[in-house]
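A structural walkthrough
One letter stands for each residue in the lines below.
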Amino acid sequence: MKRRIIIASALCLLLAGCGGKEAEEAAPAGLQLPAETTVLTVPPEPEAPPAPAEAEERFSDRYTGTWRDAEDGASGGQCAMTIACEDGVHYTIGITWAEDRWAYTGTYDEDWEGIDYIGTRYVQEEAALEEATGLVYLDGDGTLLWEDTFEHRGDGLKFQREN
């Protein structure tokens, strides 16, 4: 919008003949034109930031995918976790273990170095615990750990990436 106004103003000044001796000579009697005319230039539109390279991994890719508790973990390989992140910021976490199911949403917390979440635990499709909180984080060896701050159901689980 500002760009159009600036361009229209500049065109009006040019059409009115402002800016030189010819304009002064062509001006009607009694009309004073400025001795110096400022030429307005329109700066170019800023370029869009370059798209990330396709090979470049997003930070969220470290967490997204399907994970399963190790055979020697607390669930004996029966607990599975799926993590998705469409926008690179907000994560959805789904955990299944026997008849229990957890549904969480969260964001990456730099201080805790993991996905800080809130959500619900369901038992046979009935909400059993709402507003459950915790943290999902990567251990130094690439293992995903689940810290359930209410029921401690994640204690001893060591998730390995399936895909």
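You'll find the structure just up there.
In short, a report on the structure.

Rules behind the numbers
- Residue positions are given per chain, counted from 1 along the sequence in the order it is written.
- Local features in this predicted model are restricted to residues of pLDDT 70 or higher, and side-chain atom pairs are both shown and tallied only at a pLDDT of 80 or more, whereas totals for entire chains, interfaces and linings draw on every residue.
- Only hydrogens and water are set aside when side-chain values are computed; all heavy atoms of the structure are taken into account.
- Classification of ring pairs rests on two measures: the distance between centres of Phe, Tyr or Trp rings, Trp counted by its six-membered ring, which must be within 6.5 Å, and the angle between planes, read as stacked under 30 degrees, edge-to-face over 60 and tilted in between.
- Secondary structure is summarised from DSSP: a helix means a run of H or I of at least four residues, a strand means a run of E of at least two, and numbering begins at the N terminus for each.
- Buried means the residue's accessible area, taken with a 1.4 Å probe over protein chains only, is under 20% of the maximum for its type, while exposed means over 50%, and partly exposed covers the values in between.
- Placement of a charge over a ring requires the Lys NZ or Arg CZ to be within 6 Å of the ring centre, with the centre-to-atom vector within 35 degrees of the ring normal.

Enumeration according to the criterion identifies 6 aromatic pairs in this entry. An angle of 75 degrees between the planes, with centres 6.2 Å apart, marks the rings of Tyr63 and Tyr91 as edge-to-face. Pair noted here: Tyr63 is in the loop between α2 (21–26) and β1 (65–69) and Tyr91 is in strand β3 (residues 90–97), with a separation of 28 residues, a long-range link. Exposure remark for Tyr63: the relative accessible area of 1% places this residue in the buried category. According to the relative accessible area criterion, Tyr91 is buried, its value standing at 2%. With centroids separated by 5.1 Å and ring planes inclined at 80 degrees, the aromatic side chains of Trp102 and Trp146 adopt a geometry described as edge-to-face. Remark: Trp146 occurs in strand β7 (residues 144–148) and Trp102 occurs in strand β4 (residues 100–109); sequence separation between them is 44 residues. With a relative accessible area of 1%, Trp102 lands in the buried category. Cluster of aromatic residues (ring-pair linked, three or more members): Phe59, Tyr63, Tyr91 and Tyr108. The ring of Tyr122 has Arg101 lying over it, and the distance from NZ or CZ to the ring centre is 4.3 Å. The residue whose ring lies beneath Arg153 is Trp97, and the NZ or CZ to ring-centre distance is 5.1 Å.

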